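Reading the structure
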Amino acid sequence: MEIIRADRSGFCFGVQRAIDLTMEQIEKNEKGEKRPLYTCGPLIHNRSVTGALEEKGVGMIQNIEEASEGDVVIIRSHGEPESFYRTAAEKGVALVDSTCVFVTKIHDIVHKAHAEEKGIIIVGNPEHQEVIATNGWCDYRGYILQSREDAEALIRNHPELFQTGRKPVIVCQTTFKVEILEEILGVFKDKNCEYELYNTICSATRERQDACRELAKKVELMVVIGDRHSSNSRKLFEIAKENCKNSILIQDISDLQLKQAAKYNKIGITAGASTPEWIIKEVIASMSENVTNTTEKNPMLDFMDD
Ligand code: F3S
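Residues numbered from 1 in each chain as written. Predicted model: local features only at pLDDT ≥ 70, side-chain atom pairs only at ≥ 80, totals over all residues. Heavy atoms only, no water.

Structural notes on the packing of aromatic side chains
- Throughout the structure, instances matching the rule amount to five aromatic pairs.
- Between Y85 and W137 the ring centres are 5.9 Å apart and the planes differ by 65°, which places this aromatic pair in the edge-to-face class. You can see Y85 sitting in helix α3 (residues 82–91) and its partner W137 sitting in the loop between α5 (129–135) and β7 (143–145), a full 52 residues away along the chain.
- Residues F162 and F188 carry aromatic rings whose centres are separated by 5.3 Å and whose planes lie at 50° to one another, so their mutual orientation is tilted. Note that F162 is positioned in the loop between α6 (148–157) and β8 (169–172) and F188 in helix α7 (residues 178–190), a separation of 26 residues in sequence. (Phe/Tyr/Trp six-rings, centres within 6.5 Å; stacked < 30°, edge-to-face > 60°. Helix = DSSP H or I, 4+ residues; strand = E, 2+ residues; numbered from the N terminus.)

Structure follows, in structure tokens:
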């Protein structure tokens, strides 16, 4: 059996930074600082990582309103709306900002465009935290689109958006599929609707998607490792399925039926940007058969090392 790992897979720069900043805070507490430490929502979309953080004493709140004076709240890589920072300051809550720098760049674009009274179009999933937070940097005035149909409806229902003399600004969720963005832009071009585009799809996402597509074309089975709540992992799975009919999405080794996988000679592996290295290695090791099972290891120690 040949197992090939995609050229680009696993933790991206932004997720690694969020983990590093969180580990720094955990270490400070272990050295005696002992300040209540929380993330607002899951730090990353991976149940193994969030479970390990909980064991290290990192609590989770769902809203900044739940935090109290003296608490330390870690902002995850997806970012938070402008109001979140104001509320934290009013309540005396300390923030550790692990918003990915590429996401901060989107907030800056949207904030500036809003101040210049330009229309704002956010291409992305309206329920995704990153998109919700981005919209919070333009007073929630952004138009959120995630399909060609949404773009057609926007032109139909808000023609004035393209008639103000100021082109609307388009930004995109960092993990969005580039093909859908192109379809949406195609709708605007066909209707001669002018816009100012900032293609903010992250290169880490693009690289993972391209590497997944190329590998999926060459293998008999494509295994995507990632949490089902992770948007970028689900998109990798979609791309894998489009290019390899035998594609599966697993969260970790416990989801993989090794006997089924053994039927294939050439297997491709990829992983979402929020999948820790130890989970990827464990899947590869178990499939390779020649490496001992690693489930006895302390996963938290492993992912701190990577
Ligand atoms: Fe940042 Fe890109 Fe990762 S936006 S969080 S480096 S996918």
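Notes on helix α1 (residues 13–30)
- For α1, spanning 18 residues, the distance from its first C-alpha to its last is 26 Å, which sits close to the expected 26 Å at 1.5 Å a residue.
- When α1 is considered as a whole, its buried residues turn out to be G14, V15, Q16, A18, I19, L21, T22, M23, Q25, I26 and N29.
- Directly after α1, the chain includes G32, whose backbone phi takes a positive value near 120°. (Expected span 1.5 Å × (residues − 1). Buried < 20%, exposed > 50% of the residue type's maximum accessible area, 1.4 Å probe, protein only.)

What about the pattern of salt bridges?
- Applying the stated criterion across every chain, the model contains 14 salt bridges.
- Note that R228 and D255 form a salt bridge whose closest N and O atoms lie 3.3 Å from each other. Residue R228 is located in the loop between β10 (221–225) and α9 (231–243), and its partner D255 is located in the loop between β11 (247–250) and α10 (258–261); the two are separated by 27 residues in the primary sequence.
- Overlapping salt bridges, with partners in common, bring together K112, E116, K118 and E196 in one network. (Salt bridge = Lys/Arg side-chain N within 4 Å of Asp/Glu carboxyl O.)

Observations concerning the sheet that holds strand β4 (residues 72–75)
- Ordered in space as β3-β2-β4-β5, the four strands form an open sheet in which the pairing is parallel. In this open sheet, the two strands that pair with only one neighbour each are β3 (59–61) and β5 (94–97). Neighbour to neighbour, the strand axes of the sheet diverge by 35° on average, direction disregarded.
- Of the strand pairs in this sheet, strand β2 (residues 37–40) and β3 are connected by three bridges, and their pairing is parallel. (Pairing = 2+ DSSP bridges. Axes fitted to C-alpha atoms, helices over the stretch in contact; angles between N-to-C directions.)

Notes on the pairing of β4
- Going residue by residue along β4, you find V72 and I74 tucked away on one face and V73 and I75 tucked away on the opposite face as well.
- As judged from the three bridges shared by β2 and β4, these two strands associate in the parallel manner. Bridged to T39 within β4 is I74.
- Across four bridges, the pairing between β4 and β5 is parallel. Among the inter-strand pairings, V73 is bridged to a residue of β5, identified as L95.

What to know about the sheet that holds strand β6 (residues 120–123)
- A sheet is described by the order of its strands in space; here four strands give the open sequence β7-β6-β8-β9, paired in parallel fashion. At either end of the open sheet lies a strand with only one pairing partner, and these are β7 and β9 (196–197).
- Running at roughly 160° to β8, helix α4 (residues 101–115) makes contact with β6 and β8 of the sheet.
- Strand contacts of α6: β6 and β7, with the helix running at about 150° to β7, the strand carrying the most contacts. (Contact = heavy atoms within 4.5 Å.)

A short note on unusual backbone geometry
- At K34, a residue that is not glycine, the phi angle is positive and equals roughly 50°.
- Among the secondary structure elements, K34 is positioned in the loop between α1 and β2.
- In this structure, Y140 is a non-glycine residue whose phi angle is positive, near 60°.
- Summarising the element assignment, Y140 is placed in the loop between α5 and β7.
- Among the residues examined, Y140 registers a relative accessible area of 46% and is labelled partly exposed.

Brief notes about the side chain of T175
- Mapping T175 onto the fold places it in the loop between β8 and α7.
- A distance of 3.3 Å separates the side chain of T175 from the side chain of S231, its partner in a polar contact.
- When sequence neighbours within four positions are dropped, the list of residues in contact with T175 reads T205, Q209, S231, N232 and K235. (Polar contact = N/O pair within 3.5 Å; in protein donor to acceptor, adjacent residues only side chain to side chain.)

Points about the pairing of strand β12 (residues 266–271)
- Most of β12 is tucked away, with five of its six residues classed as buried.
- Alignment of strand β1 (residues 2–5) against β12, held across four bridges, turns out to be parallel. For R5, the partnering residue across the bridge sits in β12 and is I269.
- Here β10 runs beside β12; their pairing, made up of five bridges, is parallel. What sits directly across from V224, in β12, is T270.

A closer look at the environment of I184
- Residue position: I184 is located in helix α7.
- Separated by 34 residues in sequence, I184 and D150 have C-alpha atoms that sit 8.2 Å apart.
- With near-sequence residues (within four places) excluded, I184 lies in contact with V123, L145, Q146, S147, R148 and A151.

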